[in-house]
Amino acid sequence: MRNFLAFLRQFRVILFLALLQGIALTWYFTFLQYPRSQYLTSANAVSGTMYKWQHEITEFVHLKQNNDWLQKKVARLEAKQVKNLLKIDRENVKINDTLYKVQYVYTPAEIIRSTHTMRNNYFTINIGAEQGVEVGMGVFGVNGVVGTIHNVSDHMATVKTCLTENINIAAMIEESGEHGFLKWDGKNARKGSLTGISNDRKVKKWSNVITRGSAGTFPRGLPIGKVQKTKAIEGKPLWDVTVLFAEDYRRIQRVFVIKNLLRNEQLDLEAKNPDPK
Amino acid sequence: MNTTILTHIIRLVLLFILQVFILNYLEVGYGIQMMIYPLFILLLPVELNVFYLMLIAFGFGGLIDIFSDTFGMHASAAVIFAYFRPIIFKLFAPRDGYDILMETNMFQMGFGWFLRTFGILILIHHLWFFLLMIFRVSEILYILQMTGLSAVLSFILCILFQQLFLRKPKKEA
């Protein structure tokens with residue numbers, strides 16, 4: 001016992017260092033895998049409020065740019081409205097079409113904090129559980145996919161963006177239908193990569209990369225980016241596809257949170273599948 | 001005594017605001033991230049026990065983590081900084097030891113001393129931080145590049161901070 005106490009006394013600084021490092025590293029590695037609580041992230045009430053103040057001060061800087069974006073978006077959507085389409089066949093086109101049912105609902109939100117230089121980048125947005133945000137919902141920007149909801153508090157939420165290592169959004173190449181997962185290498189905020197595309201088919205440069213919608217997070221067909229280049233991976237029959245993101249995550253200010261109204265239905269149905277093992 | 005504590009608290013708040021609301025948003029490129037908060041740990045009193053030093057560093061780093069969604073990376077790096085501070089201080093101690101009344105800033109201890117101690121400490125701090133962040137041996141060159149470039153910029157920022165906010169000693173004529 002005395003020897004043990006002497007040992008403790010001799011190495012107490014190192015032991016204390018190990019203890020504190022243990023706490024910090026456990027925090028780091030568990031949060032990278034799965035968020036445990038909102039209190040230790042920027043979505044908590046105190047830091048969230050402070051970021052809101054900061055956002056209220058700085059949002060005017062980007063006002064003009066945001067207006068430009070919104071105007072472009074409105075123009076794009078306006079062009080698709082039925083009232084602006086020419087009826088070719090006067091008999092068949094009906095405006096009140098009951099065959100469609102709304103599956104995805106978009107809630108607008110503002111980003112109040114963002115980073116893009118880290119290895120794993122998270123955004124904080126100004127809507128939360130009281131506005132119907134849930135963990136795992138999709139987040140869409142103005143030009144492209146942003147990420148998924150990582151953690152939610154009452155009035156705020158954090159977004160795991162495409163600029164994280166394990167974002168794994170199901171993506172596909174629009175023309176050929178080849179699908180894989182989106183990854184990020186942690187260096188360039190403009191470029192990501194698409195894994196799991198087999199190299200027996202040619203991938204055209206600058207073809208569109210869109211969401212596949214298989215997980216029920218995003219509808220199919222939201223733009224992610226364009227194929228910038230393809231490279232063969234040594235020893236595997238796969239392409240390493242570099243994707244140029246459609247969204248500029250360094251500038252983005254406003255996003256939409258996508259709620260899939262039929263997600264539970266899809267999950268319930270898929271839970272009945274026999275175990276693949 | 002109370003004024004010393006007050007000075008440290010004001011400095012903590014100031015460095016915290018600078019780090020979280022300004023420096024975290026600056027983009028320089030080449031993977032550079034500027035960090036000014038280690039300066040607070042350097043400027044804590046010399047006679048402070050290393051346990052308290054590490055505890056304060058852990059708390060301060062953790063606070064920055066909570067605000068910048070880095071999940072303990074800053075806390076871990078700050079504790080490493082605090083652990084090495086007494087060791088480096090002993091290594092570069094002035095001939096007649098440290099004066100308890102003196103603060104370990106670059107005006108009172110001299111620029112040469114500040115360059116050596118803080119330079120080494122911030123290199124250790126940044127290296128640990130980027131090692132944790134990337135956590136891959138294959139990208140060691142990238143880690144070293146980020147560490148070196150960021151450390152130089154952080155160091156310059158800390159000099160600027162001291163020039164702006166610390167009281168310079170009166171020159172005796």
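These figures come from a predicted structure and were not determined experimentally. (Residues numbered from 1 in each chain as written. Chains lettered and ligands numbered in written order. Predicted model: local features only at pLDDT ≥ 70, side-chain atom pairs only at ≥ 80, totals over all residues.)

It is worth spelling out the interface of chain A and chain B at this point. With 24 residues of chain A at the interface, the matching set in chain B holds 24 residues. Taken together, the elements giving at least two residues each to the side of chain A that touches chain B come down to α2 (12-33) and α3 (45-58) of chain A. No other element matches the 11 residues that α2(A) contributes to the side of chain A that touches chain B. Of the residues assigned to the side of chain A that touches chain B, the class counts are 13 nonpolar, nine polar and two charged. (Contact = placed C-beta atoms within 7 Å. Helix = DSSP H or I, 4+ residues; strand = E, 2+ residues; numbered from the N terminus. Nonpolar A, V, L, I, M, F, W, Y, C, P; charged D, E, K, R; others polar.)

Within a sheet, each strand pairs with its neighbour through backbone hydrogen bonds, oriented either parallel or antiparallel. Residues and elements named next belong to chain A. Strands sit in the order β1-β2-β5-β4-β3-β12 around a closed barrel of six strands; the barrel is antiparallel. Going across the sheet, the axis of each strand differs from the next one's by a mean of 45 degrees, ignoring polarity. Judged from the seven bridges that link them, strand β1 (residues 104-113) and strand β12 (residues 254-260) form a sheet pairing that is antiparallel. Within β12, the residue paired with Pro-108 across the bridge is Phe-256. Taken strand by strand, α3 contacts β1 and β2 (122-125), and its axis lies near 85 degrees from that of β1. (Pairing = 2+ DSSP bridges. Axes fitted to C-alpha atoms, helices over the stretch in contact; angles between N-to-C directions.)

B:Ala57, B:Ala78, B:Val79 and B:Phe81 are the most contacted members of the largest nonpolar core, which has 49 residues in total. Going through the elements one at a time, α2 of chain A together with α1 (2-22), α2 (38-43), α3 (50-68), α4 (73-91), α6 (111-134) and α7 (140-165) of chain B are the ones with two or more residues in this core. The element that contributes the greatest number of residues to this core is α6(B), accounting for 10 residues. For B:Phe81, the residues in contact, after removing those within four places along its chain, are B:Pro38, B:Ile41, B:Ala57, B:Leu121, B:Ile124 and B:His125. Grouped together as the second largest cluster of nonpolar side chains are 46 residues, A:Ala43, A:Tyr51, A:Leu182 and A:Val255 included. (Core = buried A, V, L, I, M, F, W, Y, C linked by C-beta atoms within 7 Å. Buried ≥ 20, exposed ≤ 12 C-beta atoms within 10 Å, placed from the backbone.)

As a further point, take the domain arrangement of chain A. All names here are of chain A. When cut into domains, chain A gives domain 1 (39-80 + 105-164) and domain 2 (170-245). Taking only C-alpha atoms, the centre of domain 1 and the centre of domain 2 are 24 Å apart. Between domain 1 and domain 2, the contact holds 13 residues from the first and 13 residues from the second. Elements supplying a minimum of two residues to the side of domain 1 that touches domain 2: β3 (138-140) and β4 (145-152). For the side of domain 1 that touches domain 2, the class distribution of residues is five nonpolar, seven polar and one charged. (Domains from an automatic or database assignment.)

To continue, consider the packing of α1(B) against α3(B). All names here are of chain B. For the pair α1 and α3, interaxial distance at closest approach is 11 Å and the crossing angle is 30 degrees. Crossing angle aside, the handedness with which α1 passes α3 is right-handed. The segment α1 lies against α3, with Leu-12, Phe-16, Gln-19 and Val-20 engaging Phe-60, Leu-63, Ile-64, Phe-67 and Ser-68. When grouped by side-chain class, the residues that make up the contact of α1 with α3 number seven nonpolar, two polar and no charged. (Left-handed = near helix turned anticlockwise from the far one by under 90°.)

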